[in-house]
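Understanding the architecture of this molecule
One-letter residues, chain by chain:
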Amino acid sequence: MEIQLKQSDAKGYAMARDNEKRAGMMTYSIAGPELIIIDHTDVEPAYNGKGVGKQMLYKIVEMARSKNIKIIPLCPFAAAVFGKTEEIRDVLKS
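Small disclaimer: the values here were computed from a predicted structure and weren't measured. (Residues numbered from 1 in each chain as written. Predicted model: local features only at pLDDT ≥ 70, side-chain atom pairs only at ≥ 80, totals over all residues. Heavy atoms only, no water.)

Quick notes on helix α1 (residues 52-67)
- With 16 residues, α1 extends 23 Å between its outermost C-alpha atoms, agreeing within 8% with the 22 Å of an ideal straight helix rising 1.5 Å per residue.
- Burial in α1 covers these residues: Val52, Gly53, Met56, Leu57, Ile60, Val61, Met63 and Ala64.
- Positioned one or two residues after α1, asparagine 68 has a phi angle of 55°, which is positive. (Helix = DSSP H or I, 4+ residues; strand = E, 2+ residues; numbered from the N terminus. Expected span 1.5 Å × (residues − 1). Buried < 20%, exposed > 50% of the residue type's maximum accessible area, 1.4 Å probe, protein only.)

Things to note about the sheet that holds strand β4 (residues 35-43)
- In space, the 5 strands of this open sheet follow the order β1-β2-β3-β4-β5, with mixed pairing throughout. Every other strand in the sheet has two partners, leaving β1 (2-8) and β5 (70-73) as the edge strands with one partner each. The average angle at which neighbouring strand axes cross in this sheet is 25°, direction not considered.
- Summarising the sheet, strand β2 (residues 11-18) and strand β3 (residues 21-32) pair through 8 bridges and their orientation is antiparallel. Its bridge partner being in β3, methionine 15 is matched across the sheet by methionine 25.
- Its contacts with the sheet place helix α2 (residues 76-84) against β3, β4 and β5, and it is angled at close to 120° to β5. (Pairing = 2+ DSSP bridges. Axes fitted to C-alpha atoms, helices over the stretch in contact; angles between N-to-C directions. Contact = heavy atoms within 4.5 Å.)

Details of the nonpolar core
- Core analysis: the biggest nonpolar cluster contains 24 residues, and Ile38, Leu57, Ile60 and Ile71 have the highest contact counts within it.
- For this core, the leading source of residues is α1, giving 7 residues.
- Setting aside chain neighbours within four positions, we find isoleucine 38 in contact with Met26, Thr27, Tyr28, Leu57, Ile60, Ile71, Ile72, Pro73, Leu74, Cys75 and Ala78. (Core = buried A, V, L, I, M, F, W, Y, C linked by side-chain atoms within 4.5 Å.)

Interpretation in functional terms is not warranted from these geometric data alone.
This is the structure in C-alpha cells:
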C-alpha cells in the first residue's frame, strides 16, 4: 500500500493506492500555519477493515510532526483513532 500526501492552497489529502488502484482518501483543511482539520475519510469497500484509514492518518500525523502542526479530527473515524491510540496524541490540538 502506498500513501501519498498532496496539498494545495487551503486543502490537502492523503491517498492510499494499491497497485495504481485507489484504496482510500483522507482529506484535511489548513486552518492556519500550525493547524489542520481532518474532515473526511473514505475507504473503498474492497479495503474496509484492512487498516487503510489508519495508514492514511499515520501519514498525516507524520507530516504534522515534521512541520510542528496540530490536528483537529472532525472526521468521526480520525477522532476514534485518536481516542484509541495514545502514541499519536502529541499532534492533537488540545
